[in-house]
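An overview of the molecular structure
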Amino acid sequence: MKSKNKFLSVCTSAALLSTMLGAMPTMSASAANLIGDVNCDGSINMSDNVALNRYLNGMCELSNLTNADTNANYVIDTLDSKVLLAFLTGTISTLPYKR
C-alpha cells in the first residue's frame with residue numbers, strides 16, 4: 001500500500017510540475033490507436049498519465065483501453081503508468097515498451 005501511495009504521489013507531483021513549467025514533451029499523430037494517448041486527444045503528454053492514474057483508481061472510464069496498454073501485455077495496471085511516465089521523461093523512446 002505504501003508503494004502505491006508513493007507512486008501516486010510521484011505521478012501527482014509530476015503532473016503539477018508539468019503544469020507549472022509549461023509543456024512536457026508532446027507527440028502528435030493522426031492515428032486512431034496511438035499507444036500512450038490514453039485520453040484520445042491525438043497527442044501523448046502528461047494529461048494521458050493523469051487520465052491513466054484516474055482510471056486505475058476507479059475515478060473514470062477510458063474510451064480506448066488499447067491506447068492505455070503501454071507495455072502490450074493486455075492488462076491495464078500501474079506498470080502501464082510507469083512505462084508512460086518513462087516515455088514522457090525520455091527514459092524510453094518507443095511505445096509500446098516490450099522488454
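Residues numbered from 1 in each chain as written. Predicted model: local features only at pLDDT ≥ 70, side-chain atom pairs only at ≥ 80, totals over all residues. Heavy atoms only, no water.

**Focus on the side chain of Asp69**
Counting through the fold element by element, Asp69 comes out in the loop between α3 (65-68) and α4 (78-88). Residues contacting Asp69, with those up to four places away along its chain left out, are Ile35, Tyr74, Val75, Ile76, Asp80 and Pro96. (Helix = DSSP H or I, 4+ residues; strand = E, 2+ residues; numbered from the N terminus. Contact = heavy atoms within 4.5 Å.)

**Quick word on unusual backbone geometry**
A negative phi angle is the norm for most residues apart from glycine, just as the trans form is the norm for most peptide bonds. Here Leu95 and Pro96 are connected by a cis peptide whose omega angle stands at 0°. Tracing the backbone shows Pro96 in the segment after α4. Although it is not a glycine, Cys40 adopts a positive phi angle of roughly 55°. Relative to the helices and strands, Cys40 resides in the loop between β1 (27-28) and β2 (43-44).

**Topic: the environment of Val38**
As for its position among the elements, Val38 is in the loop between β1 and β2. Residues Val38 and Tyr55, spaced 17 residues apart in sequence, show a C-alpha to C-alpha distance of 9.8 Å.

**Focus on the nonpolar core**
Formed by 17 residues in total, the largest nonpolar core has its most connected members in Val38, Ile44, Leu84, Phe87, Leu88, Ile92 and Leu95. Residue assignment for this core shows that the elements contributing at least two residues are α2 (46-56) and α4. In this structure Leu84 touches Gly36, Val38, Ile44, Asp48, Asn49, Leu52, Thr70 and Leu95, once residues within four positions along its chain are discounted. (Core = buried A, V, L, I, M, F, W, Y, C linked by side-chain atoms within 4.5 Å. Buried < 20%, exposed > 50% of the residue type's maximum accessible area, 1.4 Å probe, protein only.)

**Observations regarding the side chain of Asp37**
Relative to the helices and strands, Asp37 is located in the loop between β1 and β2. For the buried residue Asp37, which engages in no salt bridge, the nearest side chain bearing the opposite charge is Arg54, 14 Å off. A distance of 3.1 Å separates a polar atom in the side chain of Asp37 from the backbone nitrogen of Asp41. Ignoring any residue separated from it by four or fewer positions in sequence, one finds Asp37 in contact with Gly42, Ser43, Ile44, Asp48 and Asn67. (Lys, Arg positive; Asp, Glu negative; His and termini not counted. Salt bridge = Lys/Arg side-chain N within 4 Å of Asp/Glu carboxyl O. Polar contact = N/O pair within 3.5 Å; in protein donor to acceptor, adjacent residues only side chain to side chain.)

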